[in-house]
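# Report on the structure
One letter stands for each residue in the lines below.
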Amino acid sequence: LKRAGELGKFLWVLTLDQDSKISIDNFINKAFTCIDSQPKVGVVSPVFPGFSSNYKIVTGIRKVGSAMTSGSLINLSAFNEVAGFKEFLFIDLVDTDFCFNLRLHGYSIYQVRDVVLEHHLGNKGRSISICGRYLCSVTNHPAFRIYYMIRNLLWITAEYKSSLPTECKFLRKRIRGIILKVLFLENDKWNKIRYIYKGYCDYKHKKFGKLQ
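Structure report, in brief. (Residues numbered from 1 in each chain as written. Predicted model: local features only at pLDDT ≥ 70, side-chain atom pairs only at ≥ 80, totals over all residues. Heavy atoms only, no water.)

## Observations concerning unusual backbone geometry
For clarity, the cut-off: Helix and strand labels come from DSSP, where a helix needs a run of H or I of at least four residues and a strand needs a run of E of at least two; each type is numbered from the N terminus. Relative accessibility thresholds used throughout: buried, under 20% of the residue-type maximum; exposed, over 50%; partly exposed, between the two (1.4 Å probe, protein chains only).
Unusually for a residue other than glycine, Lys-40 sits at a positive phi of about 50°. You can see Lys-40 is positioned in the loop between α2 (24-37) and β3 (41-47). One non-glycine residue with positive phi stands out, namely Asp-188, at about 55°. By the element assignment, Asp-188 lies in the loop between α6 (165-184) and α7 (189-204). On the accessibility criterion, Asp-188 (41% relative accessible area) is partly exposed.

Structural data, given as structure tokens:
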């Protein structure tokens with residue numbers, strides 16, 4: 001994104017992980033229809049249903065609170081206005097913070113509802129259902145990813161608790177959800193519990209960046 005800005009030729013940048021698949025032309029066409037019809041668009045993203053097989057494709061766009069980096073069409077001018085991504089977070093929740101920051105600067109995040117992103121999530125992930133009703137997803141991320149999730153969730157909920165209280169309330173529930181899934185549903189429990197504790201301690205001591 002920085003390099004695209006330096007070249008001075010681009011207004012939008014599409015970011016994709018190496019394991020993501022999307023109908024590029026279809027998404028771009030619909031994304032720019034959204035951009036042309038809405039004011040101050042910061043990001044346009046496709047739908048990522050995760051492990052849920054119940055997602056029903058509907059047409060149109062909708063405003064959302066945040067978008068995953070993979071599949072995001074990013075407004076380069078907006079990116080520069082908010083000083084880009086917070087690299088001290090390193091990984092996990094960087095995209096959430098970026099979208100929250102855009103919103104505080106008056107930009108909106110939109111989702112194209114009939115374009116689906118195929119993306120690998122976690123390690124041997126699966127969905128949990130009871131009596132056919134979807135309950136939750138278990139990603140089995142490695143322990144070091146759990147560390148970043150806990151540390152960065154704690155930072156984001158503290159950073160935005162006044163400006164985006166509803167979103168932070170949801171993210172606090174996500175912290176509890178991660179801990180409960182590690183305790184009852186995921187593998188490598190004790191190692192992950194150790195990394196959860198380390199993530200909490202590093203947040204309290206303001207230790208960020210890449211985990212050594």
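Once the structure has been displayed, the description carries forward.
## Re a positive patch on the surface
Heads up, the condition is: A patch consists of residues whose relative accessible area exceeds 30% and which take part in no salt bridge; residues with like charges are grouped when within 9 Å of each other, and nonpolar side chains (Val, Leu, Ile, Met, Phe, Trp, Tyr) when within 5 Å. What sets the accessible areas is the Shrake-Rupley method with a 1.4 Å probe; for residues, cover comes only from the shown protein chains. Salt bridges are defined by distance alone: a side-chain nitrogen of Lys or Arg within 4 Å of a carboxyl oxygen of Asp or Glu. Here the positive residues are Lys and Arg and the negative ones are Asp and Glu; neither His nor the chain ends is included. Where a charge sits is defined by one atom per residue type, namely NZ (Lys), CZ (Arg), CG (Asp) or CD (Glu).
Together, Lys-161, Lys-169, Arg-172, Lys-173 and Arg-176 give the surface a local cluster of positive charge. Within the element layout of this structure, Lys-161 appears in the loop between α5 (143-159) and α6. When its relative accessible area of 51% is taken as the criterion, Lys-161 is described as exposed.

## Re the side chain of Asp-202
Applicable threshold: Note on contacts: a residue pair qualifies if any of its non-hydrogen atoms lie within 4.5 Å across the two residues.
With respect to the helices, strands and loops of the structure, Asp-202 is situated in helix α7. Overall, the relative accessible area of 7% leaves Asp-202 in the buried class. Not counting chain neighbours up to four residues away, the residues in contact with Asp-202 comprise Tyr-147, Arg-151 and Lys-207.

## Digging into the state of the cysteines
Our working rule: Two cysteine sulfurs form a disulfide in these notes if their separation is within 2.5 Å.
Under the criterion given, the structure shown has zero disulfides. Free cysteine Cys-34: the closest other cysteine sulfur is in Cys-99, separated by 13 Å. A relative accessible area of 2% means that Cys-99 is categorised as buried.

## Digging into a nonpolar patch on the surface
Together, Ile-179, Leu-180, Leu-183, Phe-184 and Leu-185 give the surface a local cluster of nonpolar side chains, amounting to about 450 Å² of exposed area. Along the chain, the position of Phe-184 falls in helix α6. Phe-184 sits in the exposed class, given a relative accessible area of 62%.

Don't take any of this as a statement about function, it's just geometry.
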